[in-house]
Amino acid sequence: MLVCDSCGTEYQTETSQQLCECGEPLRFDYMFGKVHKEKDNVWTRYSEFFPFSFKKTRSLDEGNTPLIKSSNLSEKYQIEAYLKNETVNPTWSFKDRGTHLSILRAIDLGYEKIGTVSTGNMAASVASYGKKNSLDVLVLLSSKVTDKKIDQIGIYSPKMIVLDGDYGELYYQSLSLKRDDIYFTNSNSPSRIEGYKSIAYEMIEEETPDYILIPTSSGGLFRGIAKGLIELKKVGILDEIPTLVSVQAEGCSPIKEAMETGKDEVKKWEHPKTEAKAIANPYPPGGNQVIKILNRFDGISESVSDDEIISARQELAHEGIFCQPASAVTLAGLKKLREKGIIEANSKVFMIITGSGLKSQLDNAERNKFDLKKGKGKDLESSLEEFF
Ligand SMILES: *Cc1c(COP(=O)(O)O)cnc(C)c1O
Ligand SMILES: [Zn+2]
């Protein structure tokens with residue numbers, strides 16, 4: 001069964017509808033059962049928690065990512081800091097978890113074509129998994145997309161269409177398309193949310209945090225992690241839902257703004273401006289649901305500036321992880337919430353490091369910080385002396 005958390009309407013599992021008549025994204029009903037502890041990957045351990053059979057698709061071994069304790073960050077911020085490293089997924093972002101299940105869903109519903117709307121990570125992920133599973137793939141791109149991004153998507157040979165309009169507009173256009181032969185998997189597709197909840201399962205197997213910092217754009221990742229935690233609580237594995245923290249970029253923070261002004265609906269952000277492109281959805285389709293979850297579980301919403309993001313990204317690189325600006329909002333948010341005293345000392349804090357830095361380009365300010373010397377002619381000896 002699929003349900004709408006806003007108006008309570010229920011839909012049959014067989015529907016290909018992804019949005020409720022009221023406009024809000026649907027979700028699969030909570031599902032839980034026995035954990036098969038002896039299995040070696042998250043999908044088989046938690047097979048009873050998913051409304052699909054995994055036999056029909058070819059996986060690329062997504063998920064099962066490391067949760068890394070950072071002693072440097074722990075010491076610096078006087079907390080226990082853990083990084084959930086999603087950059088090691090097959091197409092280098094957590095999107096692969098949701099894509100795998102979206103493909104499964106598309107095949108279950110009898111589709112042979114899959115589509116998505118994305119400016120980057122999701123498009124690459126869907127193109128990769130679609131090809132691997134012999135589906136036709138359609139990617140709708142906004143005209144602002146860069147060549148570098150097109151390269152990362154195009155290599156998998158999907159059909160690509162570039163259109164005017166922002167990501168938010170293309171999303172609604174795709175869902176109202178009068179073609180019933182293409183299954184669109186978008187940021188808040190119910191099957192995608194199912195994929196993301198596996199992040200919660202993996203983390204809670206290892207440690208139970210006080211806080212989880214989640215980069216939030218369209219809201220799919222946040223909703224997925226929350227749903228996973230709720231299910232673990234229902235089955236008795238988790239006593240209490242950790243405090244969920246939604247972190248956005250200051251230049252596009254419609255959820256933070258709604259929370260701050262006590263609204264329960266997001267308002268479209270007029271002029272998004274941030275280097276954290278992967279979290280710059282100006283009109284997040286899952287935004288109202290994220291607000292609902294934040295209110296229900298006493299969550300926190302925060303936003304951080306691009307300068308804070310860039311310096312956090314370097315700090316994370318010093319921990320050995322090169323991530324996208326979008327992922328660095330977690331550490332930037334932690335810093336801010338520690339300074340404000342909202343996250344207390346000695347708390348256990350998880351940060352979701354959502355995607356790899358190789359996907360985005362550095363800007364000059366970041367490049368200028370490199371310890372790079374042009375050697376004096378060919379003289380290694382004297383060039384080295386300038387360093388140490
Ligand atoms: C998609 C994405 C996000 C945000 O996820 P939403 O589900 O849109 O909220 C964060 N970081 C990266 C790297 C992403 O690709
Ligand atoms: Zn509804």
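Here is what the cut-offs are and how they apply
- Residues numbered from 1 in each chain as written.
- Chains lettered and ligands numbered in written order.
- Predicted model: local features only at pLDDT ≥ 70, side-chain atom pairs only at ≥ 80, totals over all residues.
- Heavy atoms only, no water.
- Helix = DSSP H or I, 4+ residues; strand = E, 2+ residues; numbered from the N terminus.
- Rg over C-alpha atoms; globule rule 2.2 N^0.38 Å.
- Buried < 20%, exposed > 50% of the residue type's maximum accessible area, 1.4 Å probe, protein only.
- Areas by Shrake-Rupley, 256 points an atom, 1.4 Å probe, with all protein chains shown as cover.
- Lys, Arg positive; Asp, Glu negative; His and termini not counted.
- Charge placed at Lys NZ, Arg CZ, Asp CG, Glu CD.
- Pairing = 2+ DSSP bridges.
- Axes fitted to C-alpha atoms, helices over the stretch in contact; angles between N-to-C directions.
- Near = heavy atom within 4 Å.
- Polar contact = N/O pair within 3.5 Å; in protein donor to acceptor, adjacent residues only side chain to side chain.
- Core = buried A, V, L, I, M, F, W, Y, C linked by side-chain atoms within 4.5 Å.
- Contact = heavy atoms within 4.5 Å.
- Right-handed = clockwise from strand over helix to strand, strands pointing away.
- Expected span 1.5 Å × (residues − 1).
- Donors = N, O, S within 2.8 Å, 3.2 Å for Na, K, Ca; no water.
- Tetrahedral: all angles 85-135°; square planar, octahedral: opposite > 155°, others 65-115°.
- 1 Å grid on protein atoms, 1.4 Å probe; cavity = no way out; pocket = protein on both sides within 12 Å on 5 of 7 lines; lining within 4 Å.
- Points joined across faces, edges and corners; volume = space filled by probe spheres on them.
- Nonpolar A, V, L, I, M, F, W, Y, C, P; charged D, E, K, R; others polar.

Asker: I keep staring at the overall build of the protein and nothing clicks. Help me out?
Answerer: Each helix and strand counted, the protein has 14 helices and 13 strands in total. Its C-alpha radius of gyration of 21 Å places the protein within 12% of the 21 Å reference for a compact globule of 388 residues. Over its C-alpha atoms, taken along the principal directions, the protein stretches across nearly 70 × 45 × 45 Å. Within the span of the protein, comprising 388 residues, buried residues form 56% of the whole. Total accessible area computed for the protein in this model is approximately 17500 Å², and 48% of it derives from carbon and sulfur atoms. Averaging the coordinates of the 50 positive side-chain charges in the protein and doing the same for the 57 negative ones gives two points 3 Å apart.

Asker: I keep staring at the sheet that holds strand 6 (residues 113–117) and nothing clicks. Help me out?
Answerer: Pairing in this open sheet of four strands is parallel, and the strands run 8-7-6-9 from one edge to the other. The open sheet has two edge strands, strand 8 (159–163) and strand 9 (182–184), and neither has a second partner. Strand-to-strand twist of the sheet, defined as the mean angle between neighbouring strand axes without regard to direction, takes the value 25 degrees. Across five bridges, the pairing between strand 6 and strand 7 (residues 136–142) is parallel.

Asker: Please explain the site of ligand 1 as it appears in this structure.
Answerer: Within the structure, ligand 1 sits among 16 residues, and Lys95, Asn121, Ser218, Leu221 and Thr354 are positioned closest to it. The separation between an oxygen atom of ligand 1 and a polar main-chain atom of Leu221 is 2.9 Å. The protein chains hide 96% of the 380 Å² of surface that ligand 1 would expose on its own.

Asker: Explanation requested: the nonpolar core in the structure shown.
Answerer: When a protein is soluble and globular, its nonpolar side chains tend to lie buried together. Core analysis: the largest hydrophobic core is formed by 45 residues, its most contacted members being Ile212, Ile225, Leu229 and Leu244. Breaking this core down by element, the ones donating at least two residues are helix 1 (42–45), helix 3 (95–108), helix 7 (190–206), strand 10 (211–215), helix 8 (220–234), helix 9 (254–260), helix 10 (287–296) and strand 13 (348–353). Top element by residues in this core is helix 8. It accounts for seven residues. Those residues in contact with Leu229, other than ones at most four positions away along the chain, are Ala200, Ile204, Ile212, Leu238, Ile241, Pro242 and Leu244. Counting 30 residues, the second largest nonpolar core, distinct from the first, contains Ile79, Ala81, Val245 and Val329.

Asker: Explain the pairing of strand 11 (residues 243–249) to me, please; I cannot follow it from the model alone.
Answerer: Across the seven residues that make up strand 11, a large majority, six, are buried. Note on the crossover from strand 10 through helix 8 to strand 11: the handedness is right-handed.

Asker: Help me understand the side chain of Lys336, please; the structure alone is not making it clear to me.
Answerer: Examined against the element boundaries, Lys336 turns out to sit in helix 12 (residues 325–339). At 2.8 Å, the side chain of Lys336 and the backbone oxygen of Ser303 are in polar contact. Lys336 has contacts with Glu250, Glu302, Ser303, Val304 and Glu308, leaving out every residue within four places of it along the chain.

Asker: Where do I start with helix 11 (residues 306–318) in this structure?
Answerer: Given 3.6 residues to a turn, an α-helix orients residues that are three or four positions apart in the same direction. Compared with an ideal rise of 1.5 Å per residue, which puts 13 residues at 18 Å, helix 11 spans 19 Å between its outermost C-alpha atoms and is within 8% of the ideal. Every buried residue of helix 11 is listed here: Ile309, Ile310, Ala312, Arg313, Glu315 and Leu316. A positive phi of about 95 degrees marks Gly320, the residue just after helix 11.

Asker: Looking at this model, I keep getting lost on unusual backbone geometry. Mind explaining?
Answerer: For residues that are not glycine, phi is negative in most cases, and the peptide bond is trans in most cases. Of note in this structure, Asp61 is not a glycine but carries a positive phi near 70 degrees. By the secondary structure assignment, Asp61 is in the loop between helix 1 and strand 4 (67–70).

Asker: How do you make sense of the coordination of the zinc ion (ligand 2) when you look at a structure like this?
Answerer: When four donors bind a metal tetrahedrally, each ideal donor-metal-donor angle is 109.5 degrees, and when six bind octahedrally, the ideal angles are 90 or 180 degrees. Looking at the zinc ion (ligand 2), the protein donor atoms are Cys4 (SG), Cys7 (SG), Cys20 (SG) and Cys22 (SG), and they sit 2.3 Å from it. Taken together, the four donor atoms coordinating the zinc ion (ligand 2) span angles of 103 to 119 degrees at the metal, a pattern that classifies the geometry as tetrahedral. Every donor residue of the zinc ion (ligand 2) comes from the same chain, spaced as C-x2-C-x12-C-x1-C. Placement of Cys7 in the loop between strand 1 (2–3) and strand 2 (10–11) and of Cys20 in the loop between strand 2 and strand 3 (27–28) is noted, with a sequence separation of 13 residues between them.

Asker: Help me understand the layout of surface pockets, please; the structure alone is not making it clear to me.
Answerer: Rolled over the atoms, a probe as big as a water molecule pinpoints where empty space is left. When its volume is computed, the second largest pocket comes out at roughly 320 Å³. If you trace the second largest pocket, you find 13 residues lining it, with Ser16, Gln17, Tyr111, Leu175 and Ile182 closest to the centre. Among the secondary structure elements, those contributing two or more residues to the lining of the second largest pocket are helix 6 (167–175) and strand 9. If you tally residues by element for the lining of the second largest pocket, the top one is strand 9, at three residues. Among the residues making up the lining of the second largest pocket, the classes are represented as seven nonpolar, four polar and two charged.

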